[in-house]
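What follows is each chain in one-letter form.
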Amino acid sequence: VFLSSSFFKLQNIPAISDGKHMGFAWGPGDILVYETRYKAPCILSQKDEDIYSPILRKLFNESHHIFVGLQTIREDLPSKINAQLVRKNPHSVFYSDIHFITLFSCTILTLICFLLKVSILLAIELIWNLCEVLFIDAAPAGSLLLHLLDWVRLHKADVDERASEVLQSESPAEHRDYWNVVVSYVLQGRLEEVRQMLVKQANLQPAARSMYKQMDTLLSKMPFYNPGGTQTLTEFDVKWRHWHEEVDRCLQDNSFASNRHLELICKILLGDEDTLLDHKELLGTWYHFLVTRLLFCHPTVKPTELHYYAQSCMTMFLDSRSVPEPLDNILLAAFEFDIHQVIKECSIALNNWWFVAHLTDLLDHCKLLQSHNLHFGSNLREFLLLEYASGLFTHHSLWQLAVDYFDHCPEFGRVYLELQIERVPLETERKALKVLRICEQRQMSEQVRSICKIMAMRALRNNRLGSALSWSIRAKDAAFATLISERFLQDYCAKGTFSDLDLIDNLGPAMLLSDRLTFLGKYREFHKLYGEKRFREAAKLLLSLMTAKIAPQSFWMTLLTDALPLLEQKEVMFLSLQEEDVEVTKVELLRLALARNLAQAIVKEGTVET
């Protein structure tokens, strides 16, 4: 049974004191504990572990692609959405990797878990397809029944498996499941298949061939509504009633009294309730009973009448002592066209937000969901997407999918993303770069700085100075860049060489982040000039480093030592201090003269105007 209560692990929580209980509720990675006065036993619901299941990983990824594509659709919305859902629905996505899943289920416990997830996914697909028929297609009377027949046939595929087994046998008409297959085909309204099967039986019974011929005529005459045809619904209804009266006359005339199987088929064609209920095993579910009853009793049923027939069929089909399962309540709410109740029941019955989030988003895009604000300010679509995405963020790789869900929540999506992105563990630089790229694309400057500082500090603790400097530059953290630059200079004093030369050689404008980083870059440039034997340029740069006062005091002696080889060159590399002073004096005098001339010009211009 789909979505039965046995799917969910429940435990009673004892009272902490007389008249009081403790309540527990699992969240995405956390547990909420609260005190309650509720007298009935409280329930501890199972923690959502679906997102950690490798079996469902592909499902989450595929549904994410559909979700992202759906957000870009604007015109001709319903038909495009339908096309996408038909191509990529939960059933096809899940079973496309069925071989891997079977291999994965190597233990009894894992196999049970696998079968459980298959049952839940089949139930989800059943709900999804029904919502597609009722809410998105919104088929009118006549067409509605055709869609419901397709819906039942899709989810009752075991008939074809048994039919294949029967037809592959040596004598299909004598197979033990032959008549079960025939009746199952009739219950699904697949009358062409029924006629083909009956031919095999007629060939074995030449004496009863006329009886089988009469049944074949009845089956071939049964009218089905054609939405694309010229026949109106009223004309179809009249034609169907004539056919129905003909079937009833055959039964009253005992035309098939000598063959109980053909008589049974005749009763089903009349929609006899007792006959249908006698074949619960072949029907399987009350909603199959509903569609079969509509097919043979009310083929022009209107959407507004569905809830009445659905309720009565469920009451007749289920045992009076049995309690409806969660799936029954969900389908009944759908037949009542109560979208919000469907979402509510699914939220209660399913142990994750995946289905309700995507269903709500789909209905919202089709303008079928009334957008009413919740008490905390967000609409229902956004609330469910936020909850689902928050759960994905607890997974080590699926968190990347959650980013797109947050992006399409206009009210609170960015706030949630900013809070969740800070909780992503940065185990490697590769993962840190992924997180950083996401933040940079969304101009999340505070998170960018935080990530860069964390990675820079980690690299510094591991004595990876190049990586630490790169992260600090990316964070635009002048203080930390100064600290790492000093570590580079200390290492140079100790070892006589620089590490991470590629990084230092390509600092570019980034060296202006701090004075110490500027000194590091320029000092490395001095060494390059010296190594290329461009002594005059090297000497000029070294002199500017000495006079700029950006070198740490502990490094002054090193600079003086670097100047010694240049001082011993045959050619004079350093200008005298006097020459330097003369050049500076000339510049200062020129600047003063220009300033005085400008002042006189302004005064004279003002006097003329006066």
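The structure displayed is predicted, hence computed values, not measured ones.

Student: Looking at this structure, I do not really get unusual backbone geometry. What am I missing?
Tutor: Most peptide bonds take the trans form, and the phi angle of most residues other than glycine is negative. For A138, which is not glycine, the phi torsion reads 50° and is therefore positive. Position of A138 relative to the elements: it lies in the loop between α5 (108–137) and α6 (143–154).

Student: Just checking my understanding: could you explain the pattern of salt bridges for this structure?
Tutor: Pairs may arise between side chains of opposite charge once their charged atoms sit close together. Taken as a whole and judged by the stated rule, the model has 18 salt bridges. Between R195 and D216 there is a salt bridge, and its shortest N-O distance comes to 2.8 Å. Pair noted here: R195 is in helix α9 (residues 191–204) and D216 is in helix α10 (residues 209–221), with a separation of 21 residues, a long-range link. Note that R449 is salt-bridged to E446, the shortest N-O span being 2.8 Å. Of this pair, R449 and E446 both sit in helix α24 (residues 445–461), separated by 3 residues, roughly a single helical turn. R449 gets classed as partly exposed once you look at its relative accessible area, which sits at 33%. One salt-bridge network, held together by shared partners, links K156, D158 and R162.

Student: Explanation requested: the packing of aromatic side chains in the structure shown.
Tutor: Each aromatic ring pair is summarised here by two numbers: the centre-to-centre distance and the angle between the ring planes. Considering all chains together, one arrives at 19 aromatic pairs under this definition. Taking the centre distance of 5.7 Å and the plane angle of 55° together, the rings of W128 and F355 count as tilted. One end of the pair, W128, is in helix α5; the other, F355, is in helix α19 (residues 354–365), and 227 residues separate them in sequence. Of the residues examined, F355 reaches a relative accessible area of 1% and is grouped as buried.

Student: Sorry if this is basic, but what is going on with the nonpolar core here?
Tutor: When a protein is soluble and globular, its nonpolar side chains tend to lie buried together. The biggest cluster of nonpolar side chains holds 172 residues, and the ones touching the most others in it are L148, W151, L198, W286, L331, F335 and F355. Here this core gets 13 residues from one element, more than from any other, and that element is α5. Excluding residues that lie within four positions of it along the chain, W286 makes contacts with A310, C313, M314, F317, L318, D328, L331, L332 and F335.

So, how was this worked out
- Residues numbered from 1 in each chain as written.
- Predicted model: local features only at pLDDT ≥ 70, side-chain atom pairs only at ≥ 80, totals over all residues.
- Heavy atoms only, no water.
- Helix = DSSP H or I, 4+ residues; strand = E, 2+ residues; numbered from the N terminus.
- Salt bridge = Lys/Arg side-chain N within 4 Å of Asp/Glu carboxyl O.
- Buried < 20%, exposed > 50% of the residue type's maximum accessible area, 1.4 Å probe, protein only.
- Phe/Tyr/Trp six-rings, centres within 6.5 Å; stacked < 30°, edge-to-face > 60°.
- Core = buried A, V, L, I, M, F, W, Y, C linked by side-chain atoms within 4.5 Å.
- Contact = heavy atoms within 4.5 Å.

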